[in-house]
Amino acid sequence: MILMSPPCQPFTRIGLQGDVTDPRTNSFLHILDILPRLQKLPKYILLENVKGFEMSSTRDLLIQTIENCGFQYQEFLLSPTSLGIPNSRLRYFLIAKLQPEPFPFQAPGQVLMEFPKTESEHPPKYAINAEKKTEEKKTGPKICFDSSTQCSGKEAILFKLETAGEIDRKHQQDSDLSVRMLKDFLEDDIDKHSFFLPPKSLLRYALLLDIVKPTSRRSMCFTKGYGRYIEGTGSVLQTTEDVQIENIYKSLTSLSQEEKIMRLSMLQLRFFTPKEIANLLGFPPEFGFPEMTTVKQRYRLLGNSLNVHVVAKLIKILCD
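Values in this document were obtained by computation on a predicted structure and should not be read as measured data. (Residues numbered from 1 in each chain as written. Predicted model: local features only at pLDDT ≥ 70, side-chain atom pairs only at ≥ 80, totals over all residues. Heavy atoms only, no water.)

(A) Highlighting empty space enclosed by the protein. In the structure shown here, the tally under the stated rule is two cavities of 30 Å³ or more. One number sums up the size of the largest cavity: a volume of about 40 Å³. Lining the largest cavity are Y73, Q74, E75, Q106, A107, P108, G109 and Q110. Of the residues assigned to the lining of the largest cavity, the class counts are three nonpolar, four polar and one charged. Of the volumes computed, that of the second largest cavity is approximately 30 Å³. Taken together, P80, R89, R91, F93, L306, N307 and V310 make up the lining of the second largest cavity. (1 Å grid on protein atoms, 1.4 Å probe; cavity = no way out; pocket = protein on both sides within 12 Å on 5 of 7 lines; lining within 4 Å. Points joined across faces, edges and corners; volume = space filled by probe spheres on them. Nonpolar A, V, L, I, M, F, W, Y, C, P; charged D, E, K, R; others polar.)

Written out as structure tokens, the structure is:
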């Protein structure tokens, strides 16, 4: 079995989407070059990357290569929420098997948005038709996959920098009983004061924070910049559940800096601990870091990691 997670930067906006021209893609292109020349091909392939890889020329070359080698394959865009885990981490996956017959759930040219269902269950959702990729590249995405991202359109902005649609989507996520609450993944005994957001961060990023409670059934994707940067790196936890966030943010922009800090401090917002993020990623309870690893290093390693349960389920599907 070959398990691959090539560098994702060439397929993200932050990485300027260099695709096949980005030097960081060279190692993966080398594998695609030697794969057809192997005397004994691997029986299984599992590949992971960011959303966006499915629209790349590198993906096209991958598909062409494994088809020529005789692999049957299926592509996915999956998030841990589909397994009842309250964390959005949408990623591209490909599973491939060296066999003459297609997978029983195989949908040629489609990227599945959920794990394969049995015949008695509902048919899987489709995200992208591979034949329409060129057209979609020109028109751009029409769906907001992450609740932290503002959708286009003239929607009314409410408290914080959120639209009515975003708030409604978050309420729907918190009402989804198929997803567990965050409190199931939190540590019981920690020095929460060492993880509180500093006053300067509260002032600067108050309107950008994605705030969740222990009873929430959602959280943003945690990136390697979590703990250092605030915007878009992951959710923060409100530890005073009896305080209504709407009341805190009401008329916040008209207050002085001291008044803002006093009001925002009532929420007692803190970062998730590295252990809590590891729990959300599916690492076992006995998992731990070496003592000399700093908190910053732990956040970086976890931000570059995968959800264990999602990968495990795909391997099981692939090997069954």
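(B) Representation of the packing of aromatic side chains in the model. Applying the stated criterion across every chain yields a total of 11 aromatic pairs. Centroid distance F28 to F53: 6.3 Å. Interplanar angle 65°. Geometry classified as edge-to-face. With F28 in helix α1 (residues 26-34) and F53 in the loop between β2 (44-50) and α2 (57-68), this residue pair connects regions lying 25 residues apart in the sequence. Between F287 and F289, the aromatic rings sit 5.1 Å apart at their centres with planes inclined by 75°, giving edge-to-face as the arrangement. With a relative accessible area of 26%, F287 lands in the partly exposed category. (Phe/Tyr/Trp six-rings, centres within 6.5 Å; stacked < 30°, edge-to-face > 60°. Helix = DSSP H or I, 4+ residues; strand = E, 2+ residues; numbered from the N terminus. Buried < 20%, exposed > 50% of the residue type's maximum accessible area, 1.4 Å probe, protein only.)

(C) View of a positive patch on the surface. Positive charge collects at one region of the surface, where K224, R228, K296 and R300 lie side by side. As for its position among the elements, R228 is in the loop between β7 (211-212) and β8 (236-238). Judged by relative accessible area, which is 41%, R228 ranks as partly exposed. (Patch = residues over 30% accessible without salt bridge, like charges linked within 9 Å, V, L, I, M, F, W, Y side chains within 5 Å. Areas by Shrake-Rupley, 256 points an atom, 1.4 Å probe, with all protein chains shown as cover. Salt bridge = Lys/Arg side-chain N within 4 Å of Asp/Glu carboxyl O. Lys, Arg positive; Asp, Glu negative; His and termini not counted. Charge placed at Lys NZ, Arg CZ, Asp CG, Glu CD.)

(D) A look at unusual backbone geometry. In this model, S251 sits at a positive phi of 60°, which is unusual for a non-glycine residue. Inspection of the secondary structure assignment puts S251 in the loop between α6 (245-249) and α7 (257-265). Overall, the relative accessible area of 46% leaves S251 in the partly exposed class. Look at Q268: it is not a glycine, yet its phi comes out positive at around 50°. With respect to the helices, strands and loops of the structure, Q268 is situated in the loop between α7 and β9 (269-271).

(E) Broad picture of the sheet that holds β7. Pairing is mixed in the open sheet, where three strands are placed in the order β7-β8-β9. Two strands close off the open sheet at either side, each with one partner strand: β7 and β9. Bridge count for β7 against β8 is two bridges, and the pairing is parallel. Each bridged residue has a counterpart across the sheet, and for I211 the counterpart in β8 is V236. (Pairing = 2+ DSSP bridges.)

Structural measurements only, silent on function.
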